[in-house]
2 protein chains.
Amino acid sequence: MKFSNRIEAIGSSPIRRLSTYADAARQRGVHVIPLNIGQPDIETPKEFYEAISDYEVSVLEYANSRGIQKTLETMQLYLHNYGLDFAIEELIITSGASEGLMFTMMALLDEGDEVLTIEPYYPNYDSFVKMVGGRLVTVHSDIADGFQMPSLEAFRSQLTPKTRAILISSPGNPTGRVYRKEEIERLVQLALEEDLFIIADEVYREFNYTDRPFYSFGDYPEIQDRVILIDSISKKYSACGARIGSIASKNQAFIAHVLKLCQARLSVSTLDQIGAGAMDLVDDQFVYDNREIYQRRRNVLNRRLKTMEGMVTNEAEGAFYTIVSLPVDDAERFIIWMMENITVDGYTVLATPAESFYTDSQYGKQQIRLSYCVEEGMIERAMDILEAALAAYPHKVLS
Amino acid sequence: MKFSNRIEAIGSSPIRRLSTYADAARQRGVHVIPLNIGQPDIETPKEFYEAISDYEVSVLEYANSRGIQKTLETMQLYLHNYGLDFAIEELIITSGASEGLMFTMMALLDEGDEVLTIEPYYPNYDSFVKMVGGRLVTVHSDIADGFQMPSLEAFRSQLTPKTRAILISSPGNPTGRVYRKEEIERLVQLALEEDLFIIADEVYREFNYTDRPFYSFGDYPEIQDRVILIDSISKKYSACGARIGSIASKNQAFIAHVLKLCQARLSVSTLDQIGAGAMDLVDDQFVYDNREIYQRRRNVLNRRLKTMEGMVTNEAEGAFYTIVSLPVDDAERFIIWMMENITVDGYTVLATPAESFYTDSQYGKQQIRLSYCVEEGMIERAMDILEAALAAYPHKVLS
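The rules we used
Residues numbered from 1 in each chain as written. Chains lettered and ligands numbered in written order. Predicted model: local features only at pLDDT ≥ 70, side-chain atom pairs only at ≥ 80, totals over all residues. Heavy atoms only, no water. Least-squares fit on C-alpha atoms with pLDDT ≥ 70 in both. Contact = heavy atoms within 4.5 Å. 1 Å grid on protein atoms, 1.4 Å probe; cavity = no way out; pocket = protein on both sides within 12 Å on 5 of 7 lines; lining within 4 Å. Points joined across faces, edges and corners; volume = space filled by probe spheres on them. Helix = DSSP H or I, 4+ residues; strand = E, 2+ residues; numbered from the N terminus. Nonpolar A, V, L, I, M, F, W, Y, C, P; charged D, E, K, R; others polar. Domains from an automatic or database assignment. Salt bridge = Lys/Arg side-chain N within 4 Å of Asp/Glu carboxyl O. Pairing = 2+ DSSP bridges.

Visitor: In this structure, what is going on with the relation of the copies chain B and chain A? I would like to understand it.
Guide: In screw terms, the move from chain B to chain A is a rotation of 180 degrees and a rise of 0.0 Å along the axis, fitting with an RMSD of 0.0 Å. Here the transformation between the copies is reduced to the relation of a two-fold axis. Across chain B, the rotation axis passes nearest the C-alpha of B:Val132, at a separation of 2.8 Å. A high fraction, 100%, of the interface residues of chain B reappear at the interface in chain A, so the copies pair face to face through one surface.

This is the structure:
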């Protein structure tokens, strides 16, 4: 039986590939510190659970395809508080940011159409584009200069008549980069000049540890007809298991097109929407406290990484991630070796090799992504393990 | 800004088009009996809600991409009780049957590839196929003979080198047809001869009101490498708002491919999965009682429809639906006219015009789909309204 070319082209998750080694370590009684995923460990606000237990409806019905009115209003208010004003008709609730990205690709891309993104990139971007037969085209950003946004010329050199959109994550997964105002404005100019949509994945909006403000693509009225804002409650409200995201756009035709896809899939989880609709009751302090917690973790991580010999570090500025380049022959081989050979106090560390974040995997050969969704003490311990592993690893490459 | 050809080709839901007229009726203080949708009115089992309120986990985490183990086991047991045996590795939990169908199309179809289905068909099938640039090709079944399955020759005449799969719903939405053994086996033969996948949408498996057994495509070992069973808890457990469906297939490569798509969208709602995982606690009596309730409603509907002058009826055998042909010029025009002009005891009726269930809309021009997810008394009232409307409608066409 034959499968589609599109599905043959989609790779399996690098996170999954390594999970078998983590499972093996656990079977030997070793604890595995999960610096490989962005799964917050902060408690989900009680308002989420309370709204669900207060929802006493005997028949669990389909919700409206666009979203439950209260959930849409809560999203509207959330965005308004960031100065991003949208009418309800300009919003759609999606099953996580993932569905928002998938539907956006369906609405914009035909077979062979291209989306520009900056590498290193979140590998599921590649899957979402390939799901519809499109092609993700990358512009390189480099660890050596802290993953600065590439120049306009670099973007222009990758344009073809098939380029339809720019897809960008800020605060960035996997880099942790929070783009500067002038970097954001570079893409505003490009989108205007080249008639491109901007798909702005801003799910980490709250997690900016710099003293610069966060700039959203929604802040620029001149491109409002071509900006698609993707959000999610997963990270900001520590509610990944509630598959609630949203699309916001002032391009009415785009919203109308996506709504057809929403109608085909009928609705998003009613209970999750009820919980998400109550997030307007969560005190702002929750978000501030959260940011502070992650900022402190980030500080521990940055401090420790900088002292390690032969390590190229990148100041983690936002989100839950950073990328570092290790003085090793092959980062994936090193991670597996570490899980098999190195423990401190009965713990080892799982990280994500960065190869699949690059079109040319050579760029990521020595790099890993570290997330910091565990307590500070655990980050210290993870850094002890990483340091010990680097000291003992037999295939070191010092430049 | 330009959109994809695929999205331009996807139609908006006919249900939505008529909802503005229903809203207008409601604003005039008229109650609208919803015979337009398959939204069960039966109470969702308390076991679903109890499992969720017992789930005391402070951080709502991502679930496994394939599904929560307990939810998979519950689905496995459910299928086993129908004589359909699958290993956990042959199952995937999806966000409703809708996601299962969407991911199946992604895994099987490239641009221009074709899926065969029988018309009248569930219109979202067309959307799922178009989402990936495919083409839904139909073989006609006719109201005159109760929507019998078309002959092998009729199927063969629609085959092209691009035909990849047969998509079929039994008990059927929108026809209510429960295919006979020999009809199912006709497609088994075709799938073998022509090397086609069978995508079997069996979400109405419980709702068979005939005295014949229900035949599943999972019952035929000779095609087990090419059968994809699509399920959902929405209808059988009256839980449409919990977006929980499943894919079952013994084709390991297919499951592995779909799992890559699942990894890209991360996970299905954790709470909905917790609720669905408890459905093994629901007494079988719930399902029997449910079937009996719908069967009685079906009987009322059939009895009343048969007495109406000029009406071509079709014995509703299963699911929640039937299609009838009305002695009118245009069924959509008639439904709108009915909502604007006819009330009985302050009620009017909303039904779905059948045009969009056919490739050649002329076939459905006089037809409507009626669902029966309301109480018997309400069905009687709806039939009174329909009868009165047919008597008074100024554009009748009696053959």
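Visitor: Would you explain empty space enclosed by the protein in this entry?
Guide: If a probe as big as a water molecule is rolled over the atoms, it shows which places are left empty. Tallied over the entire structure, the rule returns 3 cavities of 30 Å³ or more. Taken as a whole, the largest cavity spans an internal volume of roughly 180 Å³. Residue lining of the largest cavity: 17 residues in total, with A:Ser95, A:Glu99, A:Arg265, B:Ser95 and B:Glu99 positioned closest to the centre. Listed by contribution, the elements that provide at least two residues to the lining of the largest cavity are helix H5 (96-108) of chain A together with helix H5 (96-108) of chain B. If you tally residues by element for the lining of the largest cavity, the top one is H5(B), at 3 residues. Among the residues forming the lining of the largest cavity, the class breakdown is 4 nonpolar, 7 polar and 6 charged. What the second largest cavity holds in volume is close to 130 Å³. A:Ile118, A:Pro120, A:Ser169, A:Asn173 and A:Tyr179 are the residues nearest the centre of the second largest cavity, which is lined by 16 residues in total.

Visitor: Sorry, what's going on with the domain arrangement of chain A here?
Guide: When the parts of a complex come together, some accessible area is lost, and that lost area is often used as the size of the interface. Residue and element names in this part refer to chain A. What the domain assignment reports for chain A is domain 1 (5-43 + 285-392) and domain 2 (46-281). If you average the C-alpha positions of domain 1 and of domain 2, the two centres end up 25 Å apart. Across the contact, 36 residues belong to domain 1 and 38 residues belong to domain 2. For the interface between domain 1 and domain 2, the tally reads 2 salt bridges.

Visitor: Please explain the sheet that holds strand E9 (residues 321-325) of chain A as it appears in this structure.
Guide: Backbone hydrogen bonds hold the strands of a sheet together, and the pairing may be parallel or antiparallel. Residue and element names in this part refer to chain A. Across the sheet, which stays open at both edges, the 3 strands sit in the order E9-E12-E11 with antiparallel pairing between neighbours. Each edge of the open sheet is held by one strand with a lone partner, namely E9 and strand E11 (352-353). Of the pairings in the sheet, the one linking E9 to strand E12 (residues 367-371) comprises 5 bridges and is antiparallel in character. Residue pairing across strands places Ser 325 opposite Gln 367, the latter belonging to E12.

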